[in-house]
Amino acid sequence: MGGMVSTHRHPTPALNRVTRTSAAVLLVFLLLLALLQIVLAVLGAPGFLVGTGLLTLAFTPFIALLLVATPPVTIDQSGLTIHVLLGQTYFVPWEGVRDIADYPLLPTPEAESGRKAMVGRRKYRPAAGKMLVIPTLPLPYRLTGLFVGRGLTGVIALTNRTHTDYEALIQQVARYTGFQAD
């Protein structure tokens, strides 16, 4: 990597660690529970366990989204490094970013009356974010693409709620990719 390097992590690292660890534990638990329900049904337990196992599996994509949608990133002039759980990283050269668009999974200001009351109307900032469409990302990031209407295409999001120095991050990404940030 060359040029100026900047890393953009969650503004509240401890909260992010708890959230992501809890999501990972819950995901593993749900997968094991679904498997157990289906195995018990196959072994002769009441057949409705297959249905409850499938229902349990239906919740897993929503939990997995917490783990992959808005990862910490490091950027420089050669590309974007996505930091995954357990120290793993994926490097994407800027040419691999196919599009930048508004991230549609953010809450609207109208839906955040509780947050406004909690932080105060003067300190409240509406959620803002952009998604980067990166077709070469592995399967977990394609889940995000599915949720945002891009099919099974790799997508990550950069938001003012999940990344430090968000405005500078978006400006740098726009400059390096040549896409419009606004």
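Everything below is about the structure printed above this text.
Since this is a predicted model, take the numbers as computed values, not measurements. (Residues numbered from 1 in each chain as written. Predicted model: local features only at pLDDT ≥ 70, side-chain atom pairs only at ≥ 80, totals over all residues. Heavy atoms only, no water.)

Examining the nonpolar core
The biggest cluster of nonpolar side chains holds 26 residues, and the ones touching the most others in it are Leu 80, Ile 82, Leu 132, Ile 134, Ile 156, Leu 158 and Val 173. Only helix H1 (13-42), helix H2 (48-68), strand E2 (73-76), strand E3 (79-83), helix H4 (139-147), strand E7 (155-159) and helix H5 (166-177) provide two or more residues apiece to this core. Those residues within four positions of Leu 158 in sequence are excluded, and the remaining contacts are Val 73, Ala 128, Gly 129, Lys 130, Leu 132, His 163, Tyr 166, Leu 169, Ile 170 and Val 173. Among the nonpolar cores identified, the runner-up in size contains nine residues, and Leu 65, Ala 101, Tyr 103 and Val 133 belong to it. (Core = buried A, V, L, I, M, F, W, Y, C linked by side-chain atoms within 4.5 Å. Buried < 20%, exposed > 50% of the residue type's maximum accessible area, 1.4 Å probe, protein only. Helix = DSSP H or I, 4+ residues; strand = E, 2+ residues; numbered from the N terminus. Contact = heavy atoms within 4.5 Å.)

Some details on a nonpolar patch on the surface
A grouping of Val 28, Leu 32, Leu 35, Val 39 and Leu 43 is seen on the molecular surface, where their side chains present a nonpolar patch of about 500 Å² in accessible area. Assignment of secondary structure puts Leu 43 in the loop between H1 and H2. (Patch = residues over 30% accessible without salt bridge, like charges linked within 9 Å, V, L, I, M, F, W, Y side chains within 5 Å. Areas by Shrake-Rupley, 256 points an atom, 1.4 Å probe, with all protein chains shown as cover. Salt bridge = Lys/Arg side-chain N within 4 Å of Asp/Glu carboxyl O.)

A word on the packing of H1 against H2
Interhelical geometry of H1 versus H2 gives an angle of 160 degrees and a closest axis separation of 8 Å. In terms of orientation, H1 lies roughly antiparallel with respect to H2. Considering the relative orientation of H1 and H2, their crossing is left-handed. The residue makeup of the contact of H1 with H2, split by class, is 20 nonpolar, five polar and one charged. (Axes fitted to C-alpha atoms, helices over the stretch in contact; angles between N-to-C directions. Parallel < 35°, antiparallel > 145°, perpendicular 65-115°, else oblique. Left-handed = near helix turned anticlockwise from the far one by under 90°. Nonpolar A, V, L, I, M, F, W, Y, C, P; charged D, E, K, R; others polar.)

Keep in mind these numbers describe shape, not what the thing actually does.
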